[in-house]
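The lines below spell out each chain.
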Amino acid sequence: MEAASPIRVLLVDDHAVVRMGLRSFFDMLEDIEVVGEASDGSEGVAMARRLKPDVVLMDLLMPNMDGITAIGRIKAELPETEIVTMTSFIEEEKVTAALEAGASGYVLKDAEAEEVASAIRAAFAGEVHLDPAVARLLAQRMRQKKDPAEELVEPLTDREREVLGLLAQGMSNKEIGTKLFITERTARTYVSNILGKLGLASRTQAALWAVEHKTADSKA
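Just so it is clear, the structure is predicted and the values come from calculations on it, not from any experiment.

(A) View of helix H9 (residues 184-198). When the terminal C-alpha atoms of H9 are compared, their 21 Å separation across 15 residues agrees well with the 21 Å that a helix rising 1.5 Å per residue should span. On its buried side, H9 packs onto helix H7 (158-168), helix H8 (173-180) and helix H10 (203-212). Gly-199 sits one or two positions beyond H9 and adopts a positive phi of about 70°.

Dropping the structure here:
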């Protein structure tokens with residue numbers, strides 16, 4: 001059997017030493033390949049457009065164009081490209097803005113290198129990966145907000161609740177499809193419908209919503 005192709009990753013960070021350290025670590029891994037490096041958000045958008053990486057590892061604070069703006073532009077042009085943000089701080093507004101712009105993961109720069117690799121693998125598989133401190137912050141924020149369910153135009157169907165529960169368990173679209181005996185494309189459609197009904201912008205937000213509302217405890 002042929003080995004699976006490595007995950008193609010674009011590094012976007014204005015600190016050359018950070019990019020160098022990450023590249024050195026990823027070069028030792030068989031399943032992750034660094035296909036390019038960018039030193040600011042503007043360059044990152046241009047390189048993503050040209051290279052079409054599987055995952056972008058994106059710093060948030062950079063000159064010329066910040067990471068949040070770059071995330072939004074990349075996701076608008078390349079919706080299949082996943083983005084993991086990596087930064088040295090936890091600031092609620094920045095975290096929320098990054099996830100709403102389309103980021104699928106959030107790790108801190110003081111994380112172990114293997115944790116960063118895990119976040120990349122999770123994003124590539126369509127899964128949610130958040131630093132525990134970030135997850136706690138977002139869960140607390142969602143508890144303080146008005147329940148999105150109260151504003152639903154229409155309630156979730158039983159099948160959509162099943163899909164949401166599996167999503168919250170960290171399953172990818174492919175795994176959800178296998179579990180429910182539906183195609184990966186159908187699973188993706190269910191996820192899109194769920195996000196629309198809940199007024200949420202990402203799988204990460206949906207997973208947190210499900211955990212807060214006990215949907216993740218439901219068994220398919």
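(B) Structural detail: the pairing of strand E4 (residues 82-87). For E4, a buried count of 6 out of 6 residues is recorded, marking the element as mostly surrounded by other parts of the structure. Residues Glu-82, Val-84 and Met-86 of E4 are buried on one face, and the alternating residues Ile-83, Thr-85 and Thr-87, pointing to the opposite face, are buried as well. Regarding topology, helix H3 (residues 67-77) serves as the crossover connection from strand E3 (residues 55-58) to the parallel E4, and that connection is right-handed. Sheet topology places E4 next to strand E5 (residues 105-108); 4 bridges connect them, and they run parallel. If you follow Thr-87 over to E5, its bridge partner there is Leu-108. Since E4 and E5 lie parallel, the crossover through helix H4 (residues 92-101) that links them has a hand, and here it is right-handed.

(C) Main features of the nonpolar core. Core analysis: the biggest nonpolar cluster contains 29 residues, and Leu-10, Val-12, Met-58, Ile-71, Ile-74, Ala-98 and Tyr-106 have the highest contact counts within it. Breaking this core down by element, the ones donating at least two residues are strand E1 (7-12), helix H2 (41-51), E3, H3, H4, E5 and helix H6 (132-144). Ranked by size, the runner-up nonpolar core spans 20 residues in total, among them Phe-26, Val-84, Val-107 and Ala-117.

(D) Looking closely at the side chain of Thr-87. Within the element layout of this structure, Thr-87 appears in strand E4. The buried category is assigned to Thr-87, whose relative accessible area is 1%. Setting aside residues up to four positions removed in sequence, Thr-87 forms contacts with Asp-59, Leu-60, Tyr-106, Val-107, Leu-108 and Lys-109.

(E) Representation of the sheet that holds strand E2 (residues 32-38). Sheet architecture is open: 6 strands sit in the order E2-E1-E3-E4-E5-E6, paired in parallel fashion. One side of each edge strand has no neighbouring strand; the edge strands of this open sheet are E2 and strand E6 (129-130). By the bridge criterion, 4 bridges tie E3 to E4 in an arrangement that is parallel. Within E4, the residue paired with Val-55 across the bridge is Glu-82. Contacting E1, E2, E3, E4, E5 and E6, helix H5 (residues 113-124) runs over the sheet at an angle of about 155° to E4.

(F) Structural context of H5. Across its 12 residues, H5 extends 17 Å between first and last C-alpha, which sits within 8% of the 16 Å expected from 1.5 Å per residue. Along H5, the residues classified as buried are Val-116, Ala-117, Ala-119, Ile-120, Ala-122 and Ala-123. Looking at the residues trailing H5, positive phi occurs at Gly-126, about 80°.

(G) Just the side chain of Glu-160, in detail. Positionally, Glu-160 belongs in helix H7. A distance of 2.8 Å separates a polar atom in the side chain of Glu-160 from a polar atom in the side chain of Lys-197. Apart from residues lying up to four places away in sequence, Glu-160 is in contact with Pro-155, Tyr-190, Asn-193, Ile-194 and Lys-197.

(H) Representation of the packing of helix H1 (residues 16-26) against H5. Relative orientation of the contacting elements H1 and H5 amounts to 75°, with a least axis distance of 11 Å. With respect to each other, H1 and H5 are oriented roughly perpendicular. Contact residues: Leu-22, Phe-25 and Phe-26 in H1; Ala-113, Glu-114, Val-116, Ala-117 and Ile-120 in H5. Looking at the contact of H1 with H5 residue by residue, the classes come out as 7 nonpolar, no polar and 1 charged.

(I) Region of the structure containing the pattern of salt bridges. Applying the stated rule across the entire model yields 11 salt bridges. Of the charged contacts in the structure, one is a salt bridge between Glu-82 and Lys-75, with a shortest N-O distance of 4.0 Å. Classification of Lys-75 as buried rests on a relative accessible area of 16%.

(J) Fine view of the environment of Ser-104. Residue placement: Ser-104 occurs in the loop between H4 and E5. Look at Ser-104 and you get buried, because its relative accessible area is 12%. Spatially, the C-alpha atoms of Ser-104 and Val-84 are 5.8 Å apart, while their sequence positions differ by 20 residues. Once residues within four sequence positions are removed from consideration, Ser-104 is found in contact with Glu-82, Ile-83, Ala-123, Glu-127, Val-128, His-129 and Thr-204. Side chain to side chain, Ser-104 and Glu-82 meet in a polar contact 3.3 Å long.

Rules behind the numbers
Residues numbered from 1 in each chain as written. Predicted model: local features only at pLDDT ≥ 70, side-chain atom pairs only at ≥ 80, totals over all residues. Heavy atoms only, no water. Helix = DSSP H or I, 4+ residues; strand = E, 2+ residues; numbered from the N terminus. Expected span 1.5 Å × (residues − 1). Contact = heavy atoms within 4.5 Å. Buried < 20%, exposed > 50% of the residue type's maximum accessible area, 1.4 Å probe, protein only. Right-handed = clockwise from strand over helix to strand, strands pointing away. Pairing = 2+ DSSP bridges. Core = buried A, V, L, I, M, F, W, Y, C linked by side-chain atoms within 4.5 Å. Axes fitted to C-alpha atoms, helices over the stretch in contact; angles between N-to-C directions. Polar contact = N/O pair within 3.5 Å; in protein donor to acceptor, adjacent residues only side chain to side chain. Parallel < 35°, antiparallel > 145°, perpendicular 65-115°, else oblique. Nonpolar A, V, L, I, M, F, W, Y, C, P; charged D, E, K, R; others polar. Salt bridge = Lys/Arg side-chain N within 4 Å of Asp/Glu carboxyl O.

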